[in-house]
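As a plain string of letters, each chain reads:
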Amino acid sequence: RESILEWVERYQADVIGLTQALVRFPSENKPPHGQEKECQMFVADFLRDIGCRVDVFEPTEVQGLTDHPAYWPGRDYTDRPNVVGVLTSQPAEKVGRAGDRKSLLFSGHVDVVPVVGEGRFGWWDGAIEDGKLYGRGSNDMKGGIAAYLMAARCVSELGLDLKGDLILETVVDEEFGGANGTLACRLH
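(A) Structural context of the pairing of strand β4 (residues 82-87). When you tally the buried positions in β4, you get 6 out of 6 residues, the bulk of the element. What you see with β4 is no split at all: Asn82, Val84 and Val86 on one side and Val83, Gly85 and Leu87 on the other are buried throughout. Relative to β4, strand β3 (residues 53-57) runs antiparallel, the two being bridged by 5 bridges. Its bridge partner lying in β4, Val54 is registered against Gly85. Relative to strand β8 (residues 166-171), β4 runs antiparallel, the two being bridged by 5 bridges. Of the residues in β8, the one forming a bridge with Val83 is Thr170.

Structure below.
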């Protein structure tokens, strides 16, 4: 426990920096299209760097998506990939029975609603003032993504034993009622 707290203290600035980096990608969702790809490729590289097995796929590549009753038609997923990273746990024989293994999934979306008008700060700057970080998506939900990506980095760097897989996903098309990115991940 102590080493985790020390790690978090040591890398606190990296969490903020990662949030700023994510905010700087203008990953707007403008149905039926979106601009999430560049941000998603950044996330995929981060996941690879911390030792995850990474899968990158467009939602419509998932078999059964468009036939699913929860599918929302009318979206274009060209160049709008989902990203899934997995930190693999110890083999079952090292942690007990296979039924004792429990995986944990963190899910977030990188798309943001389109910008409108001018703001006090630039939409994609990730500016910090008075201890607050400003920018499109900083709260919904790039800050949360940065937090769970850094938690996974901590697990990886400290070599913590997992009793199940740690699954980290970032999806597209969550804004404006879209759930196809998440649905595609569940089906995948």
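(B) Expanded view of the packing of aromatic side chains. Tallying each qualifying case throughout the model produces 4 aromatic pairs. Both rings, one in Phe106 and one in Tyr148, keep their centres 5.3 Å apart while their planes meet at 20°; by these two values the pair is stacked. Of the two residues, Phe106 is situated in strand β5 (residues 104-109) and Tyr148 in helix α5 (residues 138-158); the sequence distance between them amounts to 42 residues. Overall, the relative accessible area of 30% leaves Phe106 in the partly exposed class. The interplanar angle of 20° and the centroid separation of 4.4 Å between the aromatic rings of Phe121 and Tyr134 together place this pair among those described as stacked. Here Phe121 is found in the loop between β5 and β6 (127-129), whereas its partner Tyr134 is found in strand β7 (residues 132-134), with 13 residues between them in sequence. Here the basic side chain of Arg153 rests over the ring of Tyr11, its NZ or CZ set 4.5 Å away from the ring centre.

(C) Highlighting α5. Turning to α5, its buried residues are Ser138, Lys142, Ile145, Ala146, Tyr148, Leu149, Met150, Ala152, Arg153, Cys154 and Val155. Positioned one or two residues after α5, Gly159 has a phi angle of 65°, which is positive.

Rules used throughout
- The residue count restarts for each chain, going from 1 along the sequence in the order it is written.
- Under the rules for a predicted model, residues below a pLDDT of 70 receive no local features and side-chain atom pairs below 80 are neither given nor counted, while totals for whole chains, interfaces and linings still include all residues.
- By convention in this description, side-chain values take in all heavy atoms of the structure and omit both hydrogens and water.
- Only protein chains enter the calculation, and the probe is 1.4 Å; a residue is then buried if its accessible area is under 20% of its type maximum, exposed if over 50%, and partly exposed in between.
- Secondary structure elements follow DSSP: runs of H or I of four or more residues count as helices, runs of E of two or more count as strands, with numbering from the N terminus.
- Two strands make a pair as long as DSSP finds a minimum of two bridges between them.
- Each Phe, Tyr or Trp ring, with Trp reduced to its six-membered ring, pairs with another whose centre is within 6.5 Å; inter-plane angles below 30 degrees give stacked pairs, above 60 give edge-to-face pairs, and intermediate values give tilted ones.
- A ring is considered to have a charge above it if a Lys NZ or an Arg CZ atom is located within 6 Å of its centre and within 35 degrees of its normal.

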